[in-house]
Amino acid sequence: MADNSFSDGVPSDAVEAAKNASNTEKLTDQVMQNPQVLAALQERLDNVSHTPSSYIETLPKAVKRRINALKQLQVRCAHIEAKFYEEVHDLERKYAALYQPLFDKRREFITGDVEPTDAESEWHSENEEEDKLAGDVKNKVVIAEKETATAEEPNPKGIPEFWFTIFRNVDMLSELVQEYDEPILKHLQDIKVKFSDPGQPMSFVLEFHFEPNDYFTNSVLTKTYKMKSEPDKADPFSFEGPEIVDCDGCTIDWKKGKNVTVKTIKKKQKHKGRGTVRTITKQVPNESFFNFFSPLKASGDGESLDEDSEFTLASDFEIGHFFRERIVPRAVLYFTGEAIEDDDNFEEGEEGEEEELEGDEEGEDEDDAEINPKKEPSQPAECKQQ
């Protein structure tokens, strides 16, 4: 058979490559003559050339030198801002002492150790007039019936399951609570926040006070959150105020058979040589709110955490911050649900505003404006810090 790999002394592959090159060149010429293609290319070039970083690169060296000086000033501003937040922390500590007597009285009312006076119990609701009219009508019609009902109405001590109800009402907390956690949380009597002492590294401690129960011997469980209020040397411009950088839990002294953070499983093992099978039992971790007191440690040896660990740690920090900033100061409103309704209304308002701005963009061109948005108790028997 004849060999067709050469034609007139020229390899066939080379001939084919030359034809492809010629076709590609013709196609390129046709594309570049298309006005729509040229316009799209020009738009992409314009977008690239107008990015802030590319603009800075085009500036003269003298201007870049002055920009570097501005960055030096910005770093100094960040350090001053850090000092500002340190003083804010001192103010929080100062006012925590003023809040504490009120929070102590709150606990007394919740536990039933003290009964509020009539003056302390008086509260004017928004629907006070309607309530008064309805009450007058009811009094005229069913006075005797009302007196009987009042006499038979139960009068439990304090406000039963106050803190447990808050856990149920707040999604962020209820997601952590398992069914077997609930009877334990019903013994929770108070949650307090303590700020670090003057001159000490910035931190705060959450104290969970429990009445005597059948689950553990601790009267107080603690969670300490360590904070940092200084610009990062590697990225000083990222500083936006104090951030939680680590946390410590405590050891819970569980009573025998009551530890809900572990579960016992049975596992069969087969002997390789004899072929016999035996059943062993072992304890494995169990999902529970009380794992909150055995937190994941932030990496301090320069090694980075995996993505799941980083998410877990960030969620823990968020929960600690929420206890400190919202739950403890406004507990009664989370018990009644009023604070939750306020939060929901605020989020709906933000969404509504965003939709309205999008509508403006579809209509006229207008400028958009963006709005950027505690306690020194006596020391009871606490759990041992981990």
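- For the chain, the name recorded in an unreviewed UniProt entry is Nucleosome assembly protein 1 like 4, with Prolemur simus as its organism.
- Quoted verbatim from the Subcellular location (unreviewed entry) heading of the UniProt record, the comment on the chain is "Nucleus".
- For the chain, the Sequence similarities (unreviewed entry) comment in UniProt is given as "Belongs to the nucleosome assembly protein (NAP) family."

### Observations concerning the overall build of the chain
Here's step 1: Scanning the chain from terminus to terminus reveals 13 helices and ten strands.
Here's step 2: Per-residue burial over the chain gives 25% buried out of 386 residues.
Here's step 3: By element, 51% of the accessible surface of the chain is carried by carbon and sulfur atoms, the whole surface being about 28,000 Å².

### Topic: the sheet that holds strand 5 (residues 220–228)
Here's step 1: Strand order in this open sheet of four strands is 3-4-5-6, and the pairing throughout is antiparallel. Here the strands that pair on one side only, and so sit at the sheet edges, are strand 3 (188–195) and strand 6 (243–248). The mean inter-strand angle of the sheet, taken between neighbouring strand axes irrespective of direction, is 20°.
Here's step 2: Relative to strand 6, strand 5 is paired through five bridges, and the arrangement is antiparallel. Bridge pairing links lysine 226 to aspartate 246 in strand 6.
Here's step 3: Sheet contacts for helix 8 (residues 162–169): strand 3 and strand 4 (203–210); angle to strand 3, the most-contacted strand, approximately 75°.

### A short note on the pairing of strand 3
Here's step 1: Summarising burial for strand 3: eight of the eight residues are buried, a large majority.
Here's step 2: For strand 3 and strand 4, the ladder comprises seven bridges, and the chain directions are antiparallel. For aspartate 190, the partnering residue across the bridge sits in strand 4 and is histidine 209.

### Quick word on helix 4 (residues 61–111)
Here's step 1: Here helix 4 is 51 residues long and its end C-alpha atoms lie 70 Å apart, about the 75 Å a rise of 1.5 Å per residue gives.
Here's step 2: Taken as a whole, helix 4 carries its principal kink of about 40° at tyrosine 99; the proline proline 101 stands between one and four residues after it.
Here's step 3: Here helix 4 has its buried residues at Ala78, Ala82, His89, Glu92, Arg93, Ala96, Gln100, Phe103, Arg106, Ile110 and Thr111.
Here's step 4: Residues of helix 4 that are buried sit in contact with helix 8, strand 3, strand 4, helix 11 (307–327) and helix 12 (331–336).
Here's step 5: Of the residues flanking the end of helix 4, it is glycine 112, one or two places downstream, whose phi is positive at about 85°.

### Some points on a nonpolar patch on the surface
Here's step 1: There is a patch of nonpolar side chains on the surface, built from Leu91, Tyr95, Leu98 and Tyr99 and spanning about 400 Å² of accessible area.
Here's step 2: Of note, tyrosine 95 is situated in helix 4.
Here's step 3: When its relative accessible area of 39% is taken as the criterion, tyrosine 95 is described as partly exposed.

### A look at the nonpolar core
Here's step 1: Membership of the largest hydrophobic core comes to 47 residues, with the highest contact counts inside it found for Phe167, Phe208, Phe290 and Phe323.
Here's step 2: No other element matches helix 11, which puts six residues into this core.
Here's step 3: Not counting residues within four places of it along the chain, the set of residues in contact with phenylalanine 290 comprises Asp181, Ile184, Leu185, Phe210, Phe216, Leu221, Ile252, Trp254, Val260 and Thr261.

### A word on unusual backbone geometry
Most of the time, phi is negative for any residue but glycine, and the peptide bond is trans.
Here's step 1: Phi is positive for glutamate 161, close to 55°, though the residue is something other than glycine.
Here's step 2: Relative to the helices and strands, glutamate 161 resides in the loop between helix 7 (143–152) and helix 8.

### What to know about the pattern of salt bridges
Here's step 1: Counted under the stated rule, the structure contains 13 salt bridges.
Here's step 2: A salt bridge links lysine 186 to glutamate 161, with the nearest nitrogen and oxygen atoms 3.8 Å apart. Of the two residues, lysine 186 sits in the loop between helix 10 (182–185) and strand 3 while glutamate 161 sits in the loop between helix 7 and helix 8, which places them 25 residues apart along the sequence.
Here's step 3: Here glutamate 161 falls in the partly exposed class, since its relative accessible area comes to 33%.
Here's step 4: Close ionic contact of aspartate 316 with lysine 223 constitutes a salt bridge, the shortest N to O distance being 3.0 Å. Taken together, the residues span a long stretch of sequence, with aspartate 316 in helix 11 and lysine 223 in strand 5 at a distance of 93 residues.
Here's step 5: With relative accessibility at 0%, the residue lysine 223 sits in the buried group.
Here's step 6: In this structure, a network of salt bridges that share partners links the residues Lys226, Asp246, Asp248 and Lys297.

### Focus: the environment of isoleucine 191
Here's step 1: Mapped onto the fold, isoleucine 191 is located in strand 3.
Here's step 2: Sequence separation between isoleucine 191 and proline 329 is 138 residues, and the spatial gap between their C-alpha atoms is 9.9 Å.
Here's step 3: Here isoleucine 191 is in contact with Arg106, Trp163, Phe167, Glu207, Phe208, Phe323 and Val328, once residues within four sequence places are set aside.

### Notes on helix 8
Here's step 1: Of all eight residues in helix 8, six are buried; the element is thus mostly enclosed.
Here's step 2: Of the positions making up helix 8, those classed as buried are Phe162, Trp163, Phe164, Thr165, Ile166 and Phe167.

### Here we look at a negative patch on the surface
Here's step 1: A surface patch of like charges, here negative, comprises Asp306, Glu307, Asp308 and Glu310.
Here's step 2: Locating glutamate 310 in the fold gives a position in helix 11.
Here's step 3: For glutamate 310, a relative accessible area of 44% puts it in the partly exposed group.

The rules behind each value
Residues numbered from 1 in each chain as written. Predicted model: local features only at pLDDT ≥ 70, side-chain atom pairs only at ≥ 80, totals over all residues. Heavy atoms only, no water. UniProt positions renumbered as here; feature names shortened; annotations may be inferred. Helix = DSSP H or I, 4+ residues; strand = E, 2+ residues; numbered from the N terminus. Buried < 20%, exposed > 50% of the residue type's maximum accessible area, 1.4 Å probe, protein only. Areas by Shrake-Rupley, 256 points an atom, 1.4 Å probe, with all protein chains shown as cover. Pairing = 2+ DSSP bridges. Axes fitted to C-alpha atoms, helices over the stretch in contact; angles between N-to-C directions. Contact = heavy atoms within 4.5 Å. Expected span 1.5 Å × (residues − 1). Bend = angle between axes of the 7 residues up to and from the residue. Patch = residues over 30% accessible without salt bridge, like charges linked within 9 Å, V, L, I, M, F, W, Y side chains within 5 Å. Salt bridge = Lys/Arg side-chain N within 4 Å of Asp/Glu carboxyl O. Core = buried A, V, L, I, M, F, W, Y, C linked by side-chain atoms within 4.5 Å. Lys, Arg positive; Asp, Glu negative; His and termini not counted. Charge placed at Lys NZ, Arg CZ, Asp CG, Glu CD.

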